[in-house]
Amino acid sequence: MQEKALQRVTIYSDGACSGNPGPGGWGAILDCHEPKARKEISGADPHTTNNRMELSGIIEALRLLRRPCEI
């Protein structure tokens, strides 16, 4: 039996805040290779840290995936 290949997804992510702690935001792009598709997501927090925003983008992107993928 031949195994079905996992869908390939590239995730680009970044986050930052003004002051540490302070107001911050994050963004991520999910780039699906086959079928070709792209989704952009973002969010913000009025009182956060830079590290939290850096991690939030990738966490939220991974949360959108509905099946096993090659990341």
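Thresholds, definitions, all that
Residues numbered from 1 in each chain as written. Predicted model: local features only at pLDDT ≥ 70, side-chain atom pairs only at ≥ 80, totals over all residues. Heavy atoms only, no water. Helix = DSSP H or I, 4+ residues; strand = E, 2+ residues; numbered from the N terminus. Buried < 20%, exposed > 50% of the residue type's maximum accessible area, 1.4 Å probe, protein only. Contact = heavy atoms within 4.5 Å.

Engineer: Can you lay out the environment of Ala 37 for me, pointing to particular residues and giving the numbers?
Structural biologist: If you trace the backbone, Ala 37 turns up in strand E3 (residues 37–48). Since its relative accessible area comes to 37%, Ala 37 is described here as partly exposed. A C-alpha to C-alpha distance of 9.4 Å links Ala 37 and Val 9, two positions 28 residues apart in sequence. Ala 37 has contacts with Leu 30, Asp 31 and Cys 32, leaving out every residue within four places of it along the chain.

Engineer: Give a detailed account of the environment of Gly 43, specifying residues and quantitative values.
Structural biologist: Examined against the element boundaries, Gly 43 turns out to sit in strand E3. Judged by its relative accessible area of 25%, Gly 43 falls in the partly exposed class. In sequence terms Gly 43 and Ser 56 are 13 residues apart; their C-alpha atoms lie 8.5 Å from each other. Those residues in contact with Gly 43, other than ones at most four positions away along the chain, are Gly 25 and Trp 26.

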